[in-house]
Amino acid sequence: MTPLDYDFLRQALKQHSGLALGADKHYFVESRLLPLARQAGLSGLGDLVLALKTGRDTALMTAVVEAMATSESSFFRDKTPFDHFRRLIMPALLAARRQSRAVRIWCAAAANGQEPYSIAICLREMASAIAAWRIEILATDVSGAVLERARQGIYSQFEVHRGLPIKLLVKYFTRVGEQWQIAPEVRAMVKYSRFNLLADFASLGTFDVILCRNVLIYFDQDTKSDVLRRLAGALSSDGYLVLGAAETAVGLCDRFKMVSDKPGLYTLNTIGARLLAQPRTAHARPRLIAINGGR
Amino acid sequence: MKTCLIVDDSGIIRKVARRILESLEFQILEAENGEQAFETCQRELPDAILLDWNMPKMDGYDFLRALRRLPGGERPKVVFCTTENDVAHIARALQAGANEYIMKPFDKDIVEEKFQEVGLI
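Residues numbered from 1 in each chain as written. Chains lettered and ligands numbered in written order. Predicted model: local features only at pLDDT ≥ 70, side-chain atom pairs only at ≥ 80, totals over all residues.

Moving on: the overall build of chain B. Each helix and strand counted, chain B has 5 helices and 5 strands in total. Each helix and strand of chain B, placed in order from N terminus to C terminus, yields the pattern β-α-β-α-β-α-β-α-β-α. Here the C-alpha atoms of chain B give a radius of gyration of 13 Å, agreeing with the 14 Å that 2.2 N^0.38 yields for 121 residues. When its C-alpha atoms are laid out on the principal axes, chain B stretches across 35 × 30 × 25 Å. Sequence-distant contacts in chain B: of pairs separated by 6 or more residues, those separated by 24 or more amount to 60%. (Helix = DSSP H or I, 4+ residues; strand = E, 2+ residues; numbered from the N terminus. Rg over C-alpha atoms; globule rule 2.2 N^0.38 Å. Contact = placed C-beta atoms within 7 Å.)

Moving on, we come to unusual backbone geometry. Of note, the amide linkage connecting Lys104(B) to Pro105(B) takes the cis form, showing an omega dihedral of 5 degrees. With respect to the helices and strands, Pro105(B) occurs in the loop between strand E5 (100–103) and helix H5 (108–117). Notably, Phe76(A) is not glycine yet its phi reads approximately 50 degrees, a positive angle. Along the chain, the position of Phe76(A) falls in the loop between helix H4 (58–68) and helix H5 (80–96). Overall, the presence of 23 C-beta atoms within 10 Å leaves Phe76(A) in the buried class. In this structure, Lys57(B) is a non-glycine residue whose phi angle is positive, near 70 degrees. (Buried ≥ 20, exposed ≤ 12 C-beta atoms within 10 Å, placed from the backbone.)

Looking now at the pairing of strand E3 (residues 48–51) of chain B. Residues and elements named next belong to chain B. Side chains Ala-48 and Leu-50 of E3 all project onto a buried face; the interleaved residues Ile-49 and Leu-51 project onto the opposite face, where all are buried too. In this sheet, E3 lies alongside strand E1 (residues 2–7) in parallel orientation, the contact comprising 4 bridges. Looking at E3, one finds that Val-7 is bridged to Leu-51. Here E3 runs beside strand E4 (residues 77–82); their pairing, made up of 4 bridges, is parallel. Residue pairing across strands places Ala-48 opposite Lys-77, the latter belonging to E4. In this view, the connection linking E3 to its parallel neighbour E4 by way of helix H3 (residues 60–69) has right-handed handedness. (Pairing = 2+ DSSP bridges. Right-handed = clockwise from strand over helix to strand, strands pointing away.)

Here we come to the interface of chain B and chain A. Where interface size is quoted, it is often the accessible area lost as the parts come together. With 12 residues of chain B in contact, the opposing surface of chain A contributes 9 residues. Going through the elements one at a time, helix H4 (87–96), E5 and H5 of chain B are the ones with two or more residues in the side of chain B that touches chain A. Here the side of chain B that touches chain A gets 4 residues from one element, more than from any other, and that element is H4(B). Taken together, the residues of the side of chain B that touches chain A sort by class into 7 nonpolar, 1 polar and 4 charged. (Nonpolar A, V, L, I, M, F, W, Y, C, P; charged D, E, K, R; others polar.)

Counting residues in each nonpolar core, the largest one holds 96 residues, and the members touching the most others are Ile210(A), Cys212(A), Leu241(A), Leu50(B), Leu51(B) and Phe80(B). For Leu51(B), the residues in contact, after removing those within four places along its chain, are Val7(B), Gly60(B), Phe63(B), Leu64(B), Val78(B), Val79(B), Phe80(B) and Cys81(B). Counting residues in each nonpolar core, the second largest holds 15 residues, with Val29(A), Leu33(A), Val49(A) and Met68(A) among its members. (Core = buried A, V, L, I, M, F, W, Y, C linked by C-beta atoms within 7 Å.)

Our focus in this paragraph is the sheet that holds strand E9 (residues 256–258) of chain A. Residue and element names in this part refer to chain A. Reading across from one edge, E6-E2-E1-E7-E8-E10-E9 is the order of the 7 strands in this open sheet, with mixed pairing throughout. Because the sheet does not close on itself, it has two edges, and the strands there are strand E6 (190–194) and E9. Recorded for the sheet is a direction-independent mean angle of 25 degrees between the axes of neighbouring strands. Relative to E6, helix H7 (residues 144–152) is tilted by about 165 degrees, and along the sheet it contacts strand E2 (134–141) and E6. (Axes fitted to C-alpha atoms, helices over the stretch in contact; angles between N-to-C directions.)

So, about the domain arrangement of chain A. Residues and elements named next belong to chain A. Structurally, chain A comprises domain 1 (3–68) and domain 2 (80–151 + 184–288). If you average the C-alpha positions of domain 1 and of domain 2, the two centres end up 31 Å apart. Residues of the side of domain 1 that touches domain 2, tallied by class, amount to 3 nonpolar, 2 polar and 1 charged. (Domains from an automatic or database assignment.)

Turning our attention to the sheet that holds strand E3 (residues 154–155) of chain A. Residue and element names in this part refer to chain A. Within the open sheet, the 3 strands sit side by side as E3-E5-E4. Their pairing is antiparallel. Looking along the sheet, the strands with just one partner apiece sit at the ends: E3 and strand E4 (173–176). Note that E4 and strand E5 (residues 179–182) share 4 bridges and pair antiparallel. Across the sheet, residue Phe-173 finds its bridge partner in E5, namely Ile-182.

With that settled, consider the pairing of E5(A). Residue and element names in this part refer to chain A. Along E5, the buried face is formed by Trp-180 and Ile-182; none of Gln-179 and Gln-181, which line the opposite face, is buried. Strand direction decides the pairing type here: E3 and E5, joined by 2 bridges, are antiparallel. Directly across from Ile-154, in E5, lies its bridge partner Gln-181.

Listed below in structure tokens is the structure:
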């Protein structure tokens with residue numbers, strides 16, 4: 001791969017997915033994109049770059065983005081965010097949403113589905129507390145291929161071994177040959193949709209919980225700040241943002257503040273957020289608008 | 001230092017498991033079958049037991065049932081480690097009092113994670 005081809009791929013990936021590649025990731029790019037080039041009937045990365053440069057084949061660019069996206073995950077990955085979800089986030093939302101009885105959750109980098117299914121399992125485990133509640137889990141990812149796999153909910157023995165307590169495996173999975181498939185009732189709780197975090201979030205609506213874990217690490221500072229700022233716009237005023245273990249909003253977006261002693265867990269950094277932490281009433285929204293409007 | 005009893009009729013598995021668990025700072029006891037393991041537990045209860053299912057003389061399932069009937073026998077955390085990886089076996093193990101379940105083949109990460117899951121690490 002020539003330096004010019006590499007630079008083109010770096011810029012194209014940045015533009016289409018936000019992925020910021022270092023100057024020395026040639027091997028990584030070759031290992032991910034050579035199989036794709038051959039699959040597309042091209043002789044190598046030079047031809048792939050030429051095909052991309054014509055700009056006619058948008059499906060090829062999509063395939064390049066998907067091939068470069070990291071879909072590595074596991075059930076209950078890092079454990080702590082799910083403890084926060086069970087012990088802090090959901091109790092707070094159940095108190096705050098007593099009237100609407102509705103909670104919207106967005107897994108913004110769903111990969112193969114382990115994260116949204118882990119959230120769905122947490123909710124199943126608190127079934128009595130959320131009976132008659134309308135809880136929506138939207139799971140999005142830039143890669144349509146991984147989402148297709150997520151929809152099927154079929155995992156290898158190695159994948160179900162990682163992070164999933166055996167009692168939950170037996171309770172929510174069935175054996176399919178050498179693999180394990182998550183129960184239909186859990187699958188039905190998650191709605192999947194292909195979505196690029198560089199796109200406008202407006203069509204998605206507002207969420208009470210956003211999990212955007214282990215994706216910002218692949219972006220440069222400007223893209224991180226931009227995505228965080230827009231995530232703040234998509235979060236309800238008393239909602240929660242959950243980032244990955246190696247990620248932070250500190251110094252990147254002043255719309256968020258970290259929940260005390262809970263690294264990775266953020267709320268909105270506004271006076272309005274604290275006021276709206278009380279249960280929603282018919283008068284709550286106009287008050288917030290007035291406060292925000294006066295700032 | 002916590003103790004872990006490794007129960008497996010395969011010397012190679014015991015050796016691999018010993019190496020992993022020693023690196024996790026466990027003091028190791030070994031038994032080749034359920035009968036030996038039960039004798040060990042009658043003398044001294046370990047903190048943890050890594051337990052194979054299929055063994056001569058007494059299998060892992062029968063050992064577990066016998067262990068849980070011993071005075072104090074509810075204390076050791078028992079992690080099955082077996083090729084019997086269908087739902088029926090796992091369900092039986094949990095019903096008999098197993099705390100976690102490792103499906104062979106295994107590696108250090110899995111052992112560490114499952115031992116963390118049951119509070120041994």
